[in-house]
Amino acid sequence: MAGMFDSLGRRLDDVFKQLRGKGRLSEKDVEAAIRQIRLALLEADVALPAVKSFLAAVREKAVGEEILKSLTPGQQVIKIVHEELIQMLGGEMTPLRLASNPPTVILLAGLQGSGKTTLAAKLGAHLKKKGKRVLLVAADLQRPAAIRQLELLSEQAGVMFHSVPGETVPTAVARSGLEEAKRNADVVIVDTAGRLGIDEEMMQQVSDVHDAVQPHEVLFVLDAMTGQDALSSAKAFSETLPLTGIVITKIDGDARGGAALSATAVTGKPVMFAGTGEKLQDLEPFYPDRIASRILGMGDVLSLIERAEGTISQEEAEDQARKVFEARFTLEDFLGQIQNVRKMGGIGDLLKMLPGMPGGGRLDDVDVEDDDIDKIEAIIRSMTPQERNDPKIINGSRRKRIAVGSGVMVRDVNDLLKQFDAARKMMKQMTKMGKGGKKGFQLPPGFG
Ligand SMILES: Nc1nc2c(ncn2[C@@H]2O[C@H](COP(=O)(O)OP(=O)(O)OP(=O)(O)O)[C@@H](O)[C@H]2O)c(=O)[nH]1
Ligand SMILES: [Mg+2]
């Protein structure tokens, strides 16, 4: 999706960069980050009340959240901001709901020029592809050219069109459109008039049309370029109509994305589609999680966070931290760790997730190809329990025996022991970095 959120993404990335290198965060760090996020959102034209409620949610979570031991505090903040962005944008992707009892009635409302008539045709083409018979109804009697515009677009989309020549009351046209649809359509889309400002008369009119056709979907069509005004118009429309969703149009322009965030925040309704151009096919379903990831510009880090949550339980990580601290980290634990790494997709990835590791070359010593993991497992399995628990006793003759037992060269055994030693040192260091803080690794009493 175009560059709509690019500058917001860049601003947030700067905020996170400052957090990323830190082993643990103080309250001050978190507050500073929140202040910067606030500025970034305001700069992207997100309306102030929306910014405030967003940050309140982030702050609350940042304080209350159970801390995942496998993430740095900086990653925790990113994770929380990511989750809140998804929530703000509507949570799950919300598809159009088709009525079990056709025709499905869709009402489009929004300011003048927001893209309602274009959207009617785009949705028509979209639904036609899915095998639906679609009828577009011209209930915009405000602009003389509006009816003809919808008719032309319906021809382009290859869907049916309904108007009542000479009729001056929008509700009458809407009603007769619905009657027509009941005879031969699966979906009826009602196009309504827009106005420049929001005025009472226009609001009453669209509200009357709503009551006349009882739509299943009431979509608020919002031009992404609306900027700060998005908030007041979203508010006015959501007070007049029981909106079911939002469509953001013209995201192919250079809008900064604030309109989308403000409108969802104030209406509590999800963005369902985004208009990406003037052509009929320029319509995309809106996936809040993808957009949030795009805004944060860090899909890779986010997927690592998800994978870490899935693979290493908090207790497991705590247990390991404790063991390292007591210098009880054994080859058995090492094997378990390598297996975790495999589950997560490789040791290179693990590097970036380790608390306090900003992604430097520290892990070079322990660089392991996934293909080697089987070999490592075989070597460790060929050791006696005593050797696994206390690798220091593995002398030359033991190395030879282990190599033969696992079908590798003595050199491979040596390499493994070196890697293990490096990993142990590194884990010790990590534990120290996280020690004593509220965030990062927490050690039981007596170890801090
Ligand atoms: N670039 C771009 N242009 C769009 C998009 N959607 C609509 N437009 C253009 O925006 C202009 C207004 O679109 P309309 O569909 O007529 O808007 P409307 O809400 O029906 O306008 P009124 O009926 O006057 O209230 C037209 O020139 C459209 O081609 C979009 O997603 N991207
Ligand atoms: Mg129109």
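Here, the structure is the one placed above.
Residues numbered from 1 in each chain as written. Chains lettered and ligands numbered in written order. Predicted model: local features only at pLDDT ≥ 70, side-chain atom pairs only at ≥ 80, totals over all residues. Heavy atoms only, no water.

Novice: Can you explain unusual backbone geometry? Please cite residues and give values.
Specialist: Following P102, the chain continues into P103 via a peptide bond in cis, with omega recorded as 5 degrees. Tracing the backbone shows P103 in the loop between α4 (73-88) and β1 (104-109). Phi at Q214 is positive, roughly 45 degrees, even though this residue is not glycine. With respect to the element layout, Q214 can be found in the loop between α8 (200-213) and β5 (217-223). (Helix = DSSP H or I, 4+ residues; strand = E, 2+ residues; numbered from the N terminus.)

Novice: How would you sum up the nonpolar core? Please name residues and give values.
Specialist: Of all hydrophobic cores here, the largest spans 73 residues; its most connected members are L8, F54, V81 and L261. At seven residues, α4 tops the list of elements feeding residues into this core. Two domains each provide a minimum of three residues to this core, namely domain 1 (6-92) and domain 2 (104-286). Other than its neighbours up to four places away in sequence, V81 contacts F16, I37, F54, V58 and L296. Counting residues in each nonpolar core, the second largest holds 25 residues, with L127, V134, L150 and V159 among its members. (Core = buried A, V, L, I, M, F, W, Y, C linked by side-chain atoms within 4.5 Å. Buried < 20%, exposed > 50% of the residue type's maximum accessible area, 1.4 Å probe, protein only. Domains from an automatic or database assignment. Contact = heavy atoms within 4.5 Å.)

Novice: Requested: an account of the packing of helix α9 (residues 230-240) against helix α10 (residues 258-267), with residues and values cited.
Specialist: At a minimum axis distance of 9 Å, the contact between α9 and α10 shows a crossing angle of 35 degrees. Here α9 and α10 pass one another in a crossing that is right-handed. Residues A230, L231, A234, K235 and S238 of α9 lie in contact with α10, whose contacting residues are A259, S262, A263, V266 and T267. Of the residues assigned to the contact of α9 with α10, the class counts are six nonpolar, three polar and one charged. (Axes fitted to C-alpha atoms, helices over the stretch in contact; angles between N-to-C directions. Left-handed = near helix turned anticlockwise from the far one by under 90°. Nonpolar A, V, L, I, M, F, W, Y, C, P; charged D, E, K, R; others polar.)

Novice: Account for the sheet that holds strand β8 (residues 283-285), with residues named and values stated.
Specialist: Pairing in this open sheet of eight strands is mixed, and the strands run β3-β2-β4-β1-β5-β6-β7-β8 from one edge to the other. The sheet is open, and its two borders are formed by β3 (160-162) and β8, each paired with just one other strand. Across this sheet, the average inter-strand angle for adjacent strands is 25 degrees, counted without regard to direction. One ladder, built from five bridges, connects strand β2 (residues 134-138) with strand β4 (residues 187-191); its direction is parallel. Looking at the pairing, V134 lines up with V187 of β4. Packed on one face of the sheet, α9 meets β1 and β5 and runs near 165 degrees to β5. Against the sheet, α10 makes contact with β5, β6 (245-249) and β7 (271-275), and its axis sits at roughly 170 degrees relative to β6, the strand it touches most. (Pairing = 2+ DSSP bridges.)

These values are about where atoms sit, not about what they do.
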